[in-house]
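# Tertiary structure, described
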Amino acid sequence: MKPTGGPAFPVADVIPSGMGGIVDLRRENKPTSGMALWDYFAAHAPKVSPDRIVQAKPGQREEALDAVIEFQKIVSARFADAMIAEREKRGIKLKEHSR
């Protein structure tokens, strides 16, 4: 499994106790899963320009849109992989996290 950086916004599985404190429901105080840091990086990848769609002739716009979407998926995945690799290179501890 590729490292994903662990949860992007980890929170402990806790609830307010009603007495001004919190109760750890799992008694482990470990972060819960959620969106992985890889997913966060992918969502924040540079966006592909839609010029190809705008310039397409009527009747070809759907095909142009599909091509832009496919390219955006590639850009987003490569950007997220590069960001995770940079964190590893800098010695930032990464966690395994299923997506």
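Residues numbered from 1 in each chain as written. Predicted model: local features only at pLDDT ≥ 70, side-chain atom pairs only at ≥ 80, totals over all residues. Heavy atoms only, no water.

### Details of helix H3 (residues 61-89)
In this model H3 runs 41 Å from its N-terminal to its C-terminal C-alpha over 29 residues, within 8% of the 42 Å that 1.5 Å per residue would give. Among the residues making up H3, those that are buried are Ala64, Val68, Gln72, Ser76, Ala80 and Ile84. Remark: Gly91 follows H3 within two positions and exhibits a positive phi of approximately 80°. (Helix = DSSP H or I, 4+ residues; strand = E, 2+ residues; numbered from the N terminus. Expected span 1.5 Å × (residues − 1). Buried < 20%, exposed > 50% of the residue type's maximum accessible area, 1.4 Å probe, protein only.)

### Quick word on the pattern of salt bridges
For the coordinates displayed, the defined rule picks out three salt bridges. We note a salt bridge from Glu70 to Lys73, for which the minimum N-O separation is 2.8 Å. Of this pair, Glu70 and Lys73 are both found in helix H3, three residues apart, which corresponds to roughly one turn of the helix. Residue class for Glu70 comes out partly exposed when judged on its relative accessible area of 42%. Measuring nitrogen to oxygen at the nearest pair gives 3.4 Å for the salt bridge that ties Lys89 to Glu86. (Salt bridge = Lys/Arg side-chain N within 4 Å of Asp/Glu carboxyl O.)

### As for the nonpolar core
One finds Ala8, Leu37, Trp38, Phe41, Ala42, Ala80 and Ile84 forming the largest nonpolar core, which totals seven residues. Residue assignment for this core shows that the elements contributing at least two residues are helix H1 (37-43) and H3. The dominant element in this core, judged by the number of residues it contributes, is H1, at four residues. Ignoring any residue separated from it by four or fewer positions in sequence, one finds Ala8 in contact with Met35, Ala36, Leu37 and Tyr40. (Core = buried A, V, L, I, M, F, W, Y, C linked by side-chain atoms within 4.5 Å. Contact = heavy atoms within 4.5 Å.)

### Quick look at the side chain of Ser76
As for its position among the elements, Ser76 is in helix H3. Under the relative-accessibility criterion, Ser76 is labelled buried at 13%. Beyond its immediate chain neighbours, meaning those up to four positions away, Ser76 contacts Ala42 and Ala45.

### Some details on the environment of Ala42
The topology assignment puts Ala42 in helix H1. Between the alpha carbons of Ala42 and Lys73 there is a distance of 8.6 Å; along the sequence they are 31 residues apart. Those residues in contact with Ala42 that lie beyond four places of it in its chain are Lys47, Ser76 and Ala80.

### Observations regarding the confidence of the model for the protein
Chain-level statistics for the protein give a pLDDT mean of 79 and a share of 68% at 70 or above. H3 holds the highest mean pLDDT among the elements of the protein, 93, whereas strand S2 (residues 22-24) holds the lowest, 54. (pLDDT = per-residue confidence, 0-100.)

### Details of the environment of Val48
Among the structural elements, Val48 can be located in the loop between H1 and helix H2 (51-55). C-alpha of Val48 to C-alpha of Gln72: the two residues are 24 residues apart in sequence and 5.8 Å apart in space. If we ignore the near neighbours within four places in the chain, the residues touching Val48 are Val68, Phe71, Gln72 and Val75.

### Overview of the side chain of Gln72
Residue placement: Gln72 occurs in helix H3. Here Gln72 falls in the buried class, since its relative accessible area comes to 17%. In this structure, Gln72 is in contact with Pro46, Lys47 and Val48, ignoring residues within four places of it in sequence.

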